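Each chain, written out:
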Amino acid sequence: MVVGRYESDKWSKKITTKDQLQILVAANLAQSKSLSDISSMIEATGKFSCESINKSSLSRVNSKRDFKIFEEAYRHILDKVRKRVPYSDIRVIDTTTSVVAKNLFSLWKMDDNRGAVKIGVEYDPFWQLPDQIIISDWKKGDTTHGKEFEYKKGLTYIFDRGFNDYGLYTKIIKSKAFFVARMHKTNKFSWFKQKHIKPKNVISDETGKLGRTDRNKTSRIMQDIVRVIRYKRENGNKEGLFLATNRFDLRANEVKDLYKRRWDIELFFKFIKQNLKLKKFFGTSINAVKSQIYCSLIAYLLVYLIKPKYKNFTDFLRKVRYTLFFDFQELAFITDT
């Protein structure tokens, strides 16, 4: 039993864990902007077990209750979704930063007036599903985020150049997985084999090792053999694509098409910020911020579960928001398991 394991209802009887989960999910769907908005929503709709809650009580619960219970809830519902849709073999990994007008807390300060949270996501672009989530201080680098993800055998992971790290690529290869990553134009590469027959939009398609020995004879070379492809500029871009991969089975333009799926995660970030209000936080503690983020993603998954296959996600979410006829029985596992 999740609640029993965390003893999350031991100190709060008026607002139970299930109540809080329902309230935060509904607040995200309704695009509530503040605790006052949420309090008004509870009182006006009559859809919750508690008839009314003042904002100070809700603030205290958000701050005190462990966010990990909502993390488990997110994973549980993701497992339910995954039973309905197959797995694809492509994942995009990227981060987004949410900046708020007031300080979150001293650890995550951006400056005297703002705080920020960085959210790392492993995203399935074919099924529009966030598979892994890492929430951290905005100062944490993308490559550090990248190394914290679990990589699964046989999957191909796509990265932008913010994740340019040979140790990360080595970790992926050791996991028997694949990667397609954009390189900086300054990246060094020692090649020993080159394809002479290549498409017109490809400058070079080479096999070798990333990195070179520097002037002090310090070796900064990735030990695994990779493939590096340079593409010509197109559509007015200032520079052409420079991709590294360990997918030797694909044609050069197939590798490029895989990398283009990276833009799908940008659309996902834009969607959750615009439709689930991740630009606004209802609290300033770690528990409050992380609980809200996980409940935003739970709201996304619950709508995903009930959305007809061929309906536009944004349009369908708008209808859910207008009616708020949400079946909270989907969340019964919190107290029943």
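Residues numbered from 1 in each chain as written. Predicted model: local features only at pLDDT ≥ 70, side-chain atom pairs only at ≥ 80, totals over all residues. Heavy atoms only, no water.

### Some thoughts on the packing of helix α2 (residues 17–29) against helix α10 (residues 286–306)
The axes of two packed helices give the description: the angle between them and the distance between them.
Next up, step 1: Where α2 meets α10, the axes come as close as 8 Å, and the angle between the chain directions of the two elements is 70°. Taken as axis vectors, α2 and α10 run roughly perpendicular relative to one another. Residue-level inspection shows Leu21, Leu24, Val25, Asn28 and Leu29 of α2 in contact with α10, the latter providing Ser291, Gln292, Cys295, Ser296, Ile298, Ala299, Leu302 and Val303. (Axes fitted to C-alpha atoms, helices over the stretch in contact; angles between N-to-C directions. Helix = DSSP H or I, 4+ residues; strand = E, 2+ residues; numbered from the N terminus. Parallel < 35°, antiparallel > 145°, perpendicular 65-115°, else oblique. Contact = heavy atoms within 4.5 Å.)

### Regarding the nonpolar core
Next up, step 1: In this structure, Ile38, Ile293 and Tyr300 are the most contacted members of the largest nonpolar core, which totals 75 residues.
Next up, step 2: In terms of residue count, the dominant contributor to this core is α10 (13 residues).
Next up, step 3: Excluding anything up to four places from it in sequence, tyrosine 300 contacts Tyr123, Gln128, Pro130, Phe268, Phe271, Ile272, Leu276 and Phe313.
Next up, step 4: With 23 residues, the next largest nonpolar core counts Ile134, Phe163, Ile172 and Ala181 among its residues. (Core = buried A, V, L, I, M, F, W, Y, C linked by side-chain atoms within 4.5 Å. Buried < 20%, exposed > 50% of the residue type's maximum accessible area, 1.4 Å probe, protein only.)

### Re the layout of surface pockets
Next up, step 1: For the largest pocket, the calculated volume is near 430 Å³.
Next up, step 2: Every residue lining the largest pocket is counted, 21 residues in all, and those nearest its centre are Arg75, Leu78, Asp131, Gln132 and Ile133.
Next up, step 3: Its residues assigned to classes, the lining of the largest pocket comprises nine nonpolar, one polar and eleven charged. (1 Å grid on protein atoms, 1.4 Å probe; cavity = no way out; pocket = protein on both sides within 12 Å on 5 of 7 lines; lining within 4 Å. Points joined across faces, edges and corners; volume = space filled by probe spheres on them. Nonpolar A, V, L, I, M, F, W, Y, C, P; charged D, E, K, R; others polar.)

### Here's the deal with the pattern of salt bridges
Next up, step 1: Taken as a whole and assessed by the stated rule, the structure comprises 17 salt bridges.
Next up, step 2: The shortest N-O distance in the salt bridge between arginine 82 and aspartate 124 comes to 2.8 Å. Within this pair, whereas arginine 82 is found in helix α5 (residues 68–82), its partner aspartate 124 is found in strand β2 (residues 115–124), the two being separated by 42 residues in sequence. Summarising the burial analysis for this pair, arginine 82 and aspartate 124 share the class buried.
Next up, step 3: Across the pair arginine 262 and glutamate 266 runs a salt bridge whose closest N-O atoms are separated by 3.2 Å.
Next up, step 4: Residue classification places arginine 262 among the buried positions, given a relative accessible area of 3%.
Next up, step 5: Taken together, the shared-partner salt bridges in this structure form one network comprising Arg82, Arg91, Glu122, Asp124 and Asp131. (Salt bridge = Lys/Arg side-chain N within 4 Å of Asp/Glu carboxyl O.)

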